[in-house]
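Coordinates in review
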Amino acid sequence: MTGESGKRGFTIVEMLMVIGVLAVLMGIVTTAATAAIRQARDRRTAAMKQVIQAGISTYYAQKNYWPPKGGQLQSWADNGLSTGKHVDFLSADQYDTMMRELAKVSVGSKATSPVMDFNGCTVTTRTAASRRNGRGKSFADAVKKRGSNTIKLADMVFGYLTKEQGYFRRYIVQYNADSDAVTVMTENDYKSWWGVTHSGSACQLPSGY
C-alpha cells in the first residue's frame, strides 16, 4: 500500500514472512546454543571426573590410605557384589564424606596438603542433591563469602550437571578390593557397568542415589 507521501509500506503478508524468517533464525540460534551448552557440560563432567580420580589417588599417595580419614573406604567396601569379586560402590553419604575430606585438605585457610583443584567442580546442598531435578552451581560461586547463596562445606555436595537437562548428580565411586583401586563414574558410566556385569537385571543405583 502507498501512503500520502508516496512511500510504500509493508503488507500483512510481507510482515508475516519477516516474522516467519525471524522465528526460523531464532530456532537455529537456540538449537546451536543448546547444543553448545550440552557439549560444555559433557566436557566439564569428563574433566572433573579425572580431577577427582587423580585427587583420590594423590590423597592415597600422601597418607598411604584411601580417603576419608583412617582409610574408611576399605571398611565400607567389605561385602562385594553378586559377581563374586570384592567390588563395591560408596553410598551417597559415604561419597559426600569422602569429598568433604578431600576439600578440607585442599581449600581454605586450614588446607594441609592440597590434593585437587575444586574450582571446576559443581556443588549444591544436600536438600537439592536429594531431588532428581535439583540444580547446582560452581564451587567458586558457592564459597563466596558475601554471596547470597553461599553453601557451607558441611552442607555441600560435589558432583556434575547432566548433559541434557542440567540436573545435579553426584559422581559414583567404585572400590575394587582385589586391585586396591578406585574408579570414579558418572551415572551413565555406572549403568553401562551394570549392563555388562548384571545382564538382564534392572539397574540398581548405590544407596542414596
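The present account deals with the structure reproduced in this document. These numbers were taken from a predicted model, which means no experiment stands behind them.

Attention now goes to the nonpolar core. In terms of nonpolar packing, the biggest core is built from 28 residues, with Ile52, Ile56, Tyr95, Met99, Leu102, Phe118 and Phe158 touching the most fellow members. Only α1 (12-63), α3 (92-106), α5 (139-142), β4 (156-161), β6 (172-176) and β7 (181-185) provide two or more residues apiece to this core. Sort the elements by how many residues they give to this core and α3 lands first, with six residues. Counting six residues, the second-largest nonpolar core is a separate cluster that includes Phe89, Ile172, Trp193 and Trp194.

Here we take up a nonpolar patch on the surface. On the surface, a nonpolar cluster with roughly 550 Å² of combined accessible area is contributed by Val18, Val21, Leu22, Val24, Leu25 and Ile28. Assignment of secondary structure puts valine 21 in helix α1.

This brings us to helix α6 (residues 187-197). Three or more residues of α6 are buried, namely Glu187, Tyr190, Trp193 and Trp194. Around the axis of α6, the buried residues are gathered within 120° of arc, so they sit on the same side. Residues of α6 that are exposed and angled more than 90 degrees away from the buried face: Asn188 and Val196.

Before going further, it helps to examine the sheet that holds β7. Within the open sheet, the three strands sit side by side as β1-β6-β7. Their pairing is antiparallel. Two strands close off the open sheet at either side, each with one partner strand: β1 (87-89) and β7. The mean angle between the axes of side-by-side strands here comes to 20°, regardless of whether they run parallel or antiparallel. Examined bridge by bridge, β1 and β6 share three bridges and lie antiparallel to one another. From the neighbouring strand, aspartate 88 faces β6, where its bridge partner is tyrosine 175. Its contacts with the sheet put α6 on β1, β6 and β7, and the angle it makes with β7 is roughly 115°.

As a further point, take the side chain of serine 91. Inspection of the secondary structure assignment puts serine 91 in the loop between β1 and α3. Residue serine 91 is classed as buried on the basis of its relative accessible area, which comes to 15%. Excluding residues within four positions of it along the chain, serine 91 makes contact with Ser207 and Tyr209.

Here we take up the pairing of β4. In terms of burial, β4 is largely enclosed, as five of its six residues are buried. With three bridges connecting them, β4 and strand β5 (residues 168-170) associate as antiparallel partners. The residue bridging tyrosine 160 from the neighbouring strand is arginine 169, located in β5.

Thresholds applied
- Starting from 1, residues in each chain are numbered consecutively following that chain's sequence as written.
- Local features in this predicted model are restricted to residues of pLDDT 70 or higher, and side-chain atom pairs are both shown and tallied only at a pLDDT of 80 or more, whereas totals for entire chains, interfaces and linings draw on every residue.
- Side-chain calculation: all heavy atoms of the structure are included, whereas hydrogens and water are not.
- Take the buried residues of types Ala, Val, Leu, Ile, Met, Phe, Trp, Tyr and Cys, join any two whose side-chain atoms come within 4.5 Å, and each joined set is a nonpolar core.
- Per-residue accessibility, obtained with a 1.4 Å probe over protein chains only, is compared with the maximum for each type, and a residue is labelled buried under 20%, exposed over 50%, and partly exposed between these values.
- Under the scheme used here, helices are H or I runs from DSSP no shorter than 4 residues and strands are E runs no shorter than 2 residues, and both carry numbers assigned from the N terminus.
- Like-charged residues are merged into a patch within 9 Å and nonpolar side chains (Val, Leu, Ile, Met, Phe, Trp, Tyr) within 5 Å, provided each residue has over 30% relative accessible area and no salt bridge.
- Per-residue accessibility takes into account occlusion by the displayed protein chains alone, with areas from the Shrake-Rupley method and a 1.4 Å probe.
- Basic side-chain nitrogens of Lys or Arg form a salt bridge, by our definition, when they fall within 4 Å of a carboxyl oxygen of Asp or Glu.
- Regarding the arc, it is the one traced by the directions from the helix axis to the C-beta atoms.
- When DSSP finds two or more bridges between two strands, those strands count as paired.
- Here an angle of 0 to 180 degrees is reported between the N-to-C directions of two axes, which are lines fitted to C-alpha atoms, with helices fitted over the stretch in contact.
- Throughout, a contact is declared for two residues whenever any of their heavy atoms are within 4.5 Å.

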